[in-house]
Amino acid sequence: MTDTPASNVLLVTVDSLRADAIEPYGGEYDTPTFSAVAERGTVFENAFAHGNWTPMSFPSILASRPVFADTGRIGVDDVTSLAERVGAAGVATGGFNAANGFLTEHWGYDRGFDVFETFVGGSADGRAGEFVAAHPTWGAWLQLLTSPFRRAGSFLRGGDDERPFTDASRMLDVERGATSFVEETDEPFFLWVHYMDAHTPYVPAPRYLRDVTDRRVGKGRMLIAHVRTGLGWSVGDRTLDDLRTLYQGAVRQVDASLGRLLSSLDDAGVADDTAVVVAGDHGEEFMEHGHLAHYPKLYDELVHVPLLIDVPGLPARRVADHVGLDAIAPTVCDLLGVAPAAEWTGKSLLPTIRDGARPSDEPVVTVTVRGDDVTQQPIPRSLDEGDLLVSARDSDWVYIRNTETDAEELYDRRADPGLQDDRSADDDPTTVAARDRLREATLDHAATLDAVDHEAHEGDVGDDIETRLEALGYR
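Nothing here was measured: the structure is a model prediction, and the numbers come from that model. Every chain is numbered independently, its residues counted from 1 as its sequence is written. Note on the predicted model: pLDDT of at least 70 is required for a residue's local features to be given, and 80 or more for side-chain atom pairs to be given and counted; whole-chain, interface and lining totals, by contrast, use all residues. As a rule here, side-chain values cover all heavy atoms of the structure and leave hydrogens and water aside.

## Considering the overall build of the protein
Counting secondary structure elements, the protein contains 14 helices and 15 strands. Burial status across the protein gives 61% buried among its 475 residues. Strands are runs of DSSP state E lasting at least two residues, helices are runs of H or I lasting at least four, and both sets are numbered from the N terminus onward. Between buried and exposed lies partly exposed: a residue is buried under 20% and exposed over 50% of the maximum accessible area for its type, with that area taken using a 1.4 Å probe on protein chains only.

Below is the structure:
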C-alpha cells in the first residue's frame, strides 16, 4: 500500500433507496445524516444502479462486474470481490448485512471478509430473534402491535424512543456488529454495512414516522398497504400516500442509524482517517409506471440512486456527470492505495472527488430479467429464466430494450424526468443520435452476456436463506 487519502473506508448500502428520498437529491423530508455526508463530500447527482433489485445490482457494487457476465447467474462467487482485493493487501475487512438472503455466502459475498454476518437463520436473541430474522413481516407487525407497551415501559425506565423497540429489520444487530468491528480492529480497515429498513414492508419506529408526518397511519391501514404491495396489486391514493409515508419514515430511521454509526467512528478516534461511501443498491417504485416495490423494470425510480462519497481533507463538490455503481469497488481500492482487479469494469472516481476530473462518459448499462408474470415477482436467479431487459443511460437520456422482442423505449430525462413520454419513434437528429448511441451500448452488453455459458445453476440455497427470501416477497 502506498500513500493513501484514507486509512479506512466505510461503505454503507441501503436497500431500495431511491435518490429523491433524501435531501441532497431534492427530497422533501429531513435526512440530517445523509445531508451532513453530502455537505462534507461529493454528491454524484446522476448515479445509476446496474440492476433493479439486489441480486442484479450487487455484483457491480462489491465486485465491479455486470450481473450474469461471468456465469450466467447471480452472485460473485467466480470473480474477484472488493473484500478479497483489499484483504490481500493487508486491510482488515468486515461485512454486516441486515438479513438480505441474496447477499450471503451462498452467492459468494462472504469471500474476502475477515468478519462476515448476515443475520439469516437466527441470532443471539434466541428462538424469538431467529423467528424475527426469518420472518421480517411477522417481526414488523409484532413491533407495531406491541409498541404502545414498549413505549410505556421505556418511559418508565427513563429511556427514549430513538431506536426501534423491536429489531425487525436487523438494523440494531448490524449497528452492534459494525461498531464492535470498529472498536476491535486496528487500522487499516474496510467495513461494509447493508441496511434493509427501506425495503418493503416499511415499518419505521413511531419516532421516525413523527419526523415525516403528522398524519396517523393506523395498523390496519399499514397492513392493507403492505398486503397490496406484496401481492402486486394497485392501490388508491390514500394507500399510496400511506406507503410513501411509511417508506420515508424508514429512510429517516436509516439516517438516524447511520448517524450513530458515524459517531462510533468518532468514539474510536478514527473518523478523521475514514472515508465514507453511501449508496442505494436500487430504487423503489410508487406506481410511477403501474407497480409498487421493485418489479423488473428499468425506469429511473428503480435505477437512479444516491451516491455520496466523503473523503476527509478533500473538498466538497457536486458532480452532474453520470456514473455507475461499478465505480464503487475501484474507488474504495484507490482510497486505500490498492490496485483494482484487472477484470473490473468500473473506473475509480477518486480523480473526480479530489480534482474535479470528468468521469468516463460511457453510458451506464442496467439489466433485469422479466419472468412470465411481472406482477408475481418471481426473482430470476439465472439469465435463462425470462426475457433480458437492458437499458443504457447518461445524464440526459434513457434507452430501454427487450432483447427478446426488440421492443424499445427512449426518454429525455431533462424534459421528462418521470420518463412518461416515449421518444423512440422520433426522427429529429438529436433524438436519433441519442437512440443510436445508447442502443449500441445495450447491444454490446447483450452480446457479452450471450457469450456466457448458461449451464451452471445456483442449486439449493438452504432453508434459512430461502425462508428469508420468501419473507421479503421473493419466491
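## Some points on the confidence of the model for the protein
Confidence of the predictor at the level of single residues is captured by pLDDT, which takes values from 0 to 100. On average, residues of the protein carry a pLDDT of 85, and 80% of them reach 70 or more. Every residue in residues 128-141 is under pLDDT 50, and counting partners more than four places away or in other chains gives 34 contacts. The contact definition used throughout considers only heavy atoms, calling two residues in contact when any of these lie within 4.5 Å.

## Notes on the nonpolar core
The criterion is simple. A nonpolar core is a set of buried Ala, Val, Leu, Ile, Met, Phe, Trp, Tyr and Cys residues joined through side-chain atoms within 4.5 Å. Residues Phe44, Leu82, Phe190, Trp192 and Leu307 are the most contacted members of the largest nonpolar core, which totals 67 residues. Here this core gets six residues from one element, more than from any other, and that element is helix 11 (residues 328-336). If we ignore the near neighbours within four places in the chain, the residues touching Phe190 are Val9, Leu11, Leu82, Val86, Val91, Ala92, Thr93, Gly94, Phe113, Phe181, Val332 and Leu336.

## A closer look at helix 9 (residues 237-267)
One less than the residue count of a helix, multiplied by 1.5 Å, gives the span that helix is expected to have. Given a rise of 1.5 Å per residue, 31 residues ought to cover 45 Å, and the 45 Å separating the end C-alpha atoms of helix 9 matches this to within 8%. The element helix 9 is largely enclosed, with a buried count of 24 among its 31 residues.

## Quick word on the sheet that holds strand 12 (residues 364-370)
Sheet strands line up and pair through hydrogen bonds in the backbone, either parallel or antiparallel. Here, strands pair whenever DSSP counts at least two bridges between them. Read from one edge to the other, the open sheet built from four strands follows the order 12-13-14-15, with strand pairing classed as antiparallel. Looking at strand neighbours, the two that pair on one side only are strand 12 and strand 15 (408-412), the edges of this open sheet. For this sheet the average axis-to-axis angle between neighbouring strands, irrespective of direction, equals 15 degrees. Across the sheet, helix 13 (residues 429-450) lies against strand 12, strand 13 (387-393), strand 14 (397-402) and strand 15, angled at about 45 degrees from strand 14, the strand it touches most. Interaxial angle, 0 to 180 degrees, is taken between N-to-C directions of lines fitted to C-alpha atoms, where a helix line uses only the stretch in contact.

## Describing unusual backbone geometry
Following Glu187, the chain continues to Pro188 via a peptide bond in cis, the omega torsion being 0 degrees. Inspection of the secondary structure puts Pro188 in the loop between helix 6 (171-184) and strand 5 (189-195). One non-glycine residue, Ser64, adopts positive backbone phi at about 50 degrees. Its identity is not glycine, yet Asp406 carries a phi of approximately 65 degrees, on the positive side. Along the chain, Asp406 falls in the loop between strand 14 and strand 15. A relative accessible area of 36% means that Asp406 is categorised as partly exposed.

## Some words on the pairing of strand 1 (residues 8-14)
Taking burial as the measure, the seven residues of strand 1 include seven buried ones, the bulk of the element. Across the two faces of strand 1 the burial is the same, with Asn8, Leu10, Val12 and Val14 and Val9, Leu11 and Thr13 all buried. For strand 1 and strand 5, the ladder comprises seven bridges, and the chain directions are parallel. Residue Val12 lies in a different strand from strand 5, and its bridge partner there is Val193. Note that strand 1 and strand 6 (residues 274-280) share seven bridges and pair parallel. Looking at the pairing, Val14 lines up with Gly280 of strand 6.

## A short note on the packing of helix 1 (residues 32-40) against helix 9
Running from N to C, helix 1 and helix 9 point in directions that differ by 60 degrees, and their axes come no closer than 7 Å. Between helix 1 and helix 9, the crossing angle belongs to the class labelled oblique. Residue-level inspection shows Pro32, Thr33, Phe34, Val37 and Arg40 of helix 1 in contact with helix 9, the latter providing Val251, Arg252, Val254, Asp255, Leu258, Gly259 and Leu262. Under the scheme applied here, ten amino acids are nonpolar (Ala, Val, Leu, Ile, Met, Phe, Trp, Tyr, Cys and Pro), four are charged (Asp, Glu, Lys and Arg), and all others, including Gly, are polar. Among the residues forming the contact of helix 1 with helix 9, the class breakdown is seven nonpolar, two polar and three charged. The scheme is simple: roughly parallel for angles under 35 degrees, roughly antiparallel for over 145, roughly perpendicular for 65 to 115, oblique for anything else.

## A closer look at the packing of aromatic side chains
Note on aromatic contacts: the rings of Phe and Tyr and the six-membered ring of Trp form a pair at centre separations within 6.5 Å, being stacked when their planes are under 30 degrees apart, edge-to-face when over 60 apart, and tilted otherwise. Per the counting criterion, the structure on display carries 12 aromatic pairs. Summarising the aromatic geometry, the rings of Phe58 and Trp192 are spaced 5.7 Å apart at their centres and angled 55 degrees between planes, so their arrangement reads as tilted. In this pair, Phe58 sits in helix 2 (residues 54-63) while Trp192 sits in strand 5, placing the two residues 134 residues apart along the sequence. Here Phe58 falls in the buried class, since its relative accessible area comes to 0%. Relative to Tyr411, the ring of Tyr299 lies with its centre 6.0 Å away and its plane at 75 degrees, an arrangement referred to as edge-to-face. Taken together, the residues Tyr299 in the loop between strand 8 (292-293) and helix 10 (300-303) and Tyr411 in strand 15 connect sequence positions 112 residues apart. Summarising the burial analysis for this pair, Tyr299 and Tyr411 share the class buried. The structure contains a cluster of three or more aromatic residues connected by ring pairs, namely Phe58, Tyr109, Phe113, Phe116, Phe190 and Trp192. In this scheme, the term charge over a ring applies when either NZ of a lysine or CZ of an arginine sits within 6 Å of the ring centre and within 35 degrees of the ring normal. For the cation-ring pair, Arg393 lies above Phe48, with the distance from its terminal atom to the ring centre recorded as 5.4 Å.

## Section: helix 13
Over its 22 residues, helix 13 extends 31 Å from the first C-alpha to the last, a length consistent with the 32 Å expected when each residue adds 1.5 Å. Residues Thr431, Ala434, Arg435, Leu438, Ala441, Thr442, His445, Ala446 and Leu449 constitute the buried set of helix 13. Relative to the axis of helix 13, the buried residues are bounded by an arc of 135 degrees and lie together on one face. In helix 13, the exposed residues that point more than 90 degrees away from the buried face are Pro429 and Asp450. This arc corresponds to the set of directions leading from the helix axis out to the C-beta atoms.

## Observations concerning the packing of helix 6 against helix 9
Between helix 6 and helix 9, whose axes approach to 10 Å, the crossing angle comes to 15 degrees. Judged on the interaxial angle alone, helix 9 and helix 6 are roughly parallel. Handedness of the crossing formed by helix 6 with helix 9: right-handed. The segment helix 6 lies against helix 9, with Met171, Leu172, Glu175, Ala178, Thr179 and Val182 engaging Gln253, Ser257, Arg260, Leu261, Ser264 and Leu265. Grouping the constituent residues of the contact of helix 6 with helix 9 by class yields six nonpolar, four polar and two charged. The hand of a helix crossing depends on one turn: near helix anticlockwise from the far one by less than a right angle means left-handed, and clockwise means right-handed.

## Details of the pairing of strand 15
In the sheet, strand 14 pairs with strand 15 via five bridges, with the strands oriented antiparallel. Opposite Ile400, over in strand 15, you have Glu409 as the bridge partner. Where strand 14 folds back on strand 15, the antiparallel hairpin that results is connected by five residues, among which Asp406 adopts a positive phi of roughly 65 degrees.

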